Amino acid sequence: SLKSTDRGGLLGMAGVLTLTSHPERHSAVERGAYILGDLLGTPPLPPPANASQLEDVKVDGENLSMREILERHRANARCAGCHSRIDPLGFALDDFDAIGRFRQRDASSSAAVQDVSTLPDGTTINGLAGLKEYLLSGSRKRQFTKQFARHLMEYALTRELQSGDFHTLMAMCRSLEQNGYRPSAAITVLATSDVFLRRAEE
């Protein structure tokens, strides 16, 4: 039954949840980096060469959950700068395992899963529903809209965008904002633009 399961949208899709996981476990880091880079256009910096690797940790003989391991990892000053931005976004998707199944307990520690997280600015995100609300509020909604239009345009043109594409990109964003964010609004602008109609000549 999906009656009480919040699965709507891109971030609840099993395919996306699987692609942002490791083969053997889910990854809050991969999921957070995906949100920052692909959805908001603000990718984190690559990890430094001397960044420490995550390892299974036991305290008093008990396995720590992956969230607890990441929290210890973030205590390292070398890692905190990026992970304080990345991890909280990924933690909001901790209800889903490596292939997108809903889960209630951590596989390594059997502790109850926590999907509530706090961003560096103090904002609290409560699970997938809270993450959606966060992404579609304030300046982030404009960032998300621009990234959607960028991905759509790159797909249609089968190439990365160039400086001459900026006018069309901004026109797509304006049309989305003016037409209730219906995808057809951006598609119409793109399909009738000079850059799309001339693509066969490039």
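Now for a look at the structure at hand. Values in this document were obtained by computation on a predicted structure and should not be read as measured data.

## Some thoughts on the layout of surface pockets
Working step 1: Considered as a void within the structure, the second largest pocket measures approximately 360 Å³ in volume.
Working step 2: Where the lining of the second largest pocket is concerned, the elements lending two or more residues are α2 (28–39), α5 (127–135) and α6 (139–157).
Working step 3: Sorting elements by how many residues they give to the lining of the second largest pocket places α6 first, with five residues.
Working step 4: Taken together, the residues of the lining of the second largest pocket break down into nine nonpolar, four polar and two charged.

## Points about the side chain of Ser175
Working step 1: Within the secondary structure layout, Ser175 lies in helix α7 (residues 166–178).
Working step 2: Among the residues examined, Ser175 registers a relative accessible area of 12% and is labelled buried.
Working step 3: For Ser175, the contacting residues outside a window of four places in its chain are Ala185 and Val189.

## Structural notes on the nonpolar core
Working step 1: Leu11, Ile35, Leu89, Leu93, Ile125, Leu131 and Leu135 are the most contacted members of the largest nonpolar core, which has 19 residues in total.
Working step 2: Elements supplying a minimum of two residues to this core: α1 (14–19), α2, α4 (77–91) and α5.
Working step 3: Apart from the residues within four sequence positions on either side, Leu89 is in contact with Gly32, Ile35, Leu36, Leu119, Ile125, Leu131 and Tyr134.
Working step 4: Listed in part, the 13 residues of the second largest apolar core include Leu152, Met153, Leu157 and Phe196.

## Some thoughts on the packing of helix α3 (residues 66–74) against α4
Working step 1: Where α3 contacts α4, the two axes come as close as 9 Å, and the packing angle between them is 160°. Considering their axes alone, α3 and α4 lie roughly antiparallel with respect to each other. When you trace α3 past α4, the crossing you get is left-handed. On α4, the residues that touch Arg67, Leu70, His73 and Arg74 of α3 are Cys79, Ala80, His83, Ser84, Asp87 and Phe91.
Working step 2: Here the contact of α3 with α4 is built from residues that sort into four nonpolar, three polar and three charged.

Conventions we followed
- Residues numbered from 1 in each chain as written.
- Predicted model: local features only at pLDDT ≥ 70, side-chain atom pairs only at ≥ 80, totals over all residues.
- Heavy atoms only, no water.
- 1 Å grid on protein atoms, 1.4 Å probe; cavity = no way out; pocket = protein on both sides within 12 Å on 5 of 7 lines; lining within 4 Å.
- Points joined across faces, edges and corners; volume = space filled by probe spheres on them.
- Helix = DSSP H or I, 4+ residues; strand = E, 2+ residues; numbered from the N terminus.
- Nonpolar A, V, L, I, M, F, W, Y, C, P; charged D, E, K, R; others polar.
- Buried < 20%, exposed > 50% of the residue type's maximum accessible area, 1.4 Å probe, protein only.
- Contact = heavy atoms within 4.5 Å.
- Core = buried A, V, L, I, M, F, W, Y, C linked by side-chain atoms within 4.5 Å.
- Axes fitted to C-alpha atoms, helices over the stretch in contact; angles between N-to-C directions.
- Parallel < 35°, antiparallel > 145°, perpendicular 65-115°, else oblique.
- Left-handed = near helix turned anticlockwise from the far one by under 90°.

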